[in-house]
Amino acid sequence: MPTRSILFFLTAELSDKEKKMSNTINSNCEDCPVHNLGNLTKLGINMSQFDFVVALAGNPNTGKSTVFNALTGLRQHTGNWPGKTVTRAEGGFEFGNKRFKIVDLPGTYSLLSNSTDEEVARDFILFGQPDVTVIVVDATRLERNLNLVLQVLEITDRAVLCLNLMDEAKRNGIAIDDRQLAKQLGIPVVPTSARQDDGIPELLKYIYEVATGSYVCRPYRLEKTSPLLEKAISQLTNKIKNEFPELPNARWIALRLLEGDQKIIDSLKNGELKNLSRNNTIVSMPKQELVTA
Ligand SMILES: Nc1nc2c(ncn2[C@@H]2O[C@H](COP(=O)(O)OP(=O)(O)OP(=O)(O)O)[C@@H](O)[C@H]2O)c(=O)[nH]1
Ligand SMILES: [Mg+2]
């Protein structure tokens, strides 16, 4: 289903009565246990002996670094304009007796883009093999953001959608049926207002469940291609797998080669592609120095 039609019956204008109700629900919930961040230990830059790697992906200016700071206690640069995070930043947290390394990525509109900032994000999402990819989207611009969501769901089975800036969405009279969205996308969807820590405990719960496998995602995939093209993709994918056994997402590479993506063709020829395995991606990509809170 195209993103526009998914969107159509997920969003609606809120009536004044509904706006009042959602405000009341929010304020009544402030004291309930699910709003309690007590089970989270923010580990700052201590990422030793982590059990899982979490990637924070999303369009620019959707609140990725704000979520990162809420989980790690670090002070990654935030501000209300796109393109603040230009290299990856890493931090740690512990939740449910598991240690997580979380990677804050530059914003990206697409996994097909070729700009340098976006490449950092793209390479990590595609080749860093995160255990969970949290896609942070702007609830006030859901349609535009769903493009990247669908691309990420093409390449991973383990993702959580963080529906951020819900406070702004509510202020603008936008309601989103997050349950329906979760059902259609096949991944957990968590409404958050990260600047106020709203929804962060639920986000943690789902990161934990997806990482440990207790929540099994059934990601929405775009319609299958023609049998002839499918055969070509699968033949090429097998060749890539034989040549680069460590490389995840060989199918994605095959698709790009068939499209004639010059950058991928070049990195295949000059051997750069070989370096894009999990460990190499983590070690070799530029990393930002961070300040602890
Ligand atoms: N109202 C509101 N503002 C938020 C929320 N989350 C983040 N912000 C603000 O949105 C702006 C962007 O947040 P960042 O965390 O820097 O966004 P980002 O996705 O890391 O941005 P890039 O690194 O540039 O891609 C900042 O001014 C945040 O304070 C939220 O839930 N509600
Ligand atoms: Mg950022």
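What counts and what doesn't
Residues numbered from 1 in each chain as written. Chains lettered and ligands numbered in written order. Predicted model: local features only at pLDDT ≥ 70, side-chain atom pairs only at ≥ 80, totals over all residues. Heavy atoms only, no water. Helix = DSSP H or I, 4+ residues; strand = E, 2+ residues; numbered from the N terminus. Buried < 20%, exposed > 50% of the residue type's maximum accessible area, 1.4 Å probe, protein only. Contact = heavy atoms within 4.5 Å. Areas by Shrake-Rupley, 256 points an atom, 1.4 Å probe, with all protein chains shown as cover. Core = buried A, V, L, I, M, F, W, Y, C linked by side-chain atoms within 4.5 Å. Salt bridge = Lys/Arg side-chain N within 4 Å of Asp/Glu carboxyl O. Near = heavy atom within 4 Å. Polar contact = N/O pair within 3.5 Å; in protein donor to acceptor, adjacent residues only side chain to side chain. Phe/Tyr/Trp six-rings, centres within 6.5 Å; stacked < 30°, edge-to-face > 60°. Lys NZ or Arg CZ within 6 Å of the ring centre and 35° of its normal. Axes fitted to C-alpha atoms, helices over the stretch in contact; angles between N-to-C directions. Parallel < 35°, antiparallel > 145°, perpendicular 65-115°, else oblique. Left-handed = near helix turned anticlockwise from the far one by under 90°. Nonpolar A, V, L, I, M, F, W, Y, C, P; charged D, E, K, R; others polar.

Asks: I'd like to hear about the overall build of the protein, residue by residue, with values.
Replies: Scanning the protein for helices and strands turns up 12 helices and 9 strands. Across the 293 residues that make up the protein, the buried fraction comes to 49%. A separation threshold of at least 6 residues defines the contact pool for the protein, and within that pool the share at least 24 residues apart is 72%. Entry remark: accessible area of the protein is about 14,700 Å², with carbon and sulfur atoms responsible for 50%.

Asks: Describe in detail the nonpolar core, supporting the description with residues and values.
Replies: Within the largest apolar cluster, 74 residues are counted, with the highest numbers of intra-cluster contacts made by L71, V134, L161, L185, L203 and I253. Ignoring sequence-local partners within four residues, the contact set of L185 consists of L146, V149, L150, L153, L161, R218, P219 and Y220.

Asks: I'd love a proper account of the pattern of salt bridges, names of residues and values included.
Replies: What the rule picks out here adds up to 11 salt bridges. In this structure, E94 engages R99 in a salt bridge whose closest nitrogen and oxygen atoms are separated by 3.3 Å. Looking at R99, the relative accessible area reads 18%, which means it is buried.

Asks: I'd like a rundown of the site of ligand 1, residues and numbers included.
Replies: Close to ligand 1 lie 23 residues, the nearest being K64, T66, K84, T85 and D167. The separation between an oxygen atom of ligand 1 and a polar side-chain atom of T85 is 2.7 Å. Elements that contribute at least two residues to the shell around ligand 1 include exactly α3 (64-72) and α6 (166-171). Here the shell around ligand 1 gets 3 residues from one element, more than from any other, and that element is α3.

Asks: How would you summarise the packing of aromatic side chains if you had to cite specific residues and measurements?
Replies: By the definition in use, this model includes 5 aromatic pairs. Pairing F93 with F100 gives two aromatic rings, centres 4.8 Å apart and planes at 10 degrees, and the pair type is stacked. Here F93 matches F100 in class, with each residue buried. Between the aromatic rings of Y206 and Y215, the centroid separation amounts to 5.9 Å while the plane-to-plane angle is 90 degrees, which identifies the pairing as edge-to-face. Take Y206: its relative accessible area is 22%, and that puts it in the partly exposed class. An aromatic cluster is present here, built from F52, F93 and F100 joined pairwise through their rings. Positioned above the aromatic ring of Y206 is the side chain of K205, whose terminal nitrogen or guanidinium carbon lies 4.2 Å from the ring centre. Directly above the ring of W252 sits R256, whose terminal nitrogen or CZ lies 4.9 Å from the centroid.

Asks: Before we move on, can you summarise the packing of helix α9 (residues 227-243) against helix α10 (residues 250-259) with the specific residues and values?
Replies: The interhelical angle for the contact between α9 and α10, taken along N-to-C directions, is 120 degrees, at an axis separation of 8 Å. Taken together, α9 and α10 sit at an angle that is classed as oblique. Read as a crossing pair, α9 and α10 show a hand that is right-handed. Across the interface between the two elements, L229, E230, A232, I233, L236, T237, I240 and K241 of α9 pack against A250, R251, I253, A254, L255, L257 and L258 of α10. Of the residues in the contact of α9 with α10, the class split is 11 nonpolar, 1 polar and 3 charged.

By themselves, these figures tell us nothing about what the structure is for.
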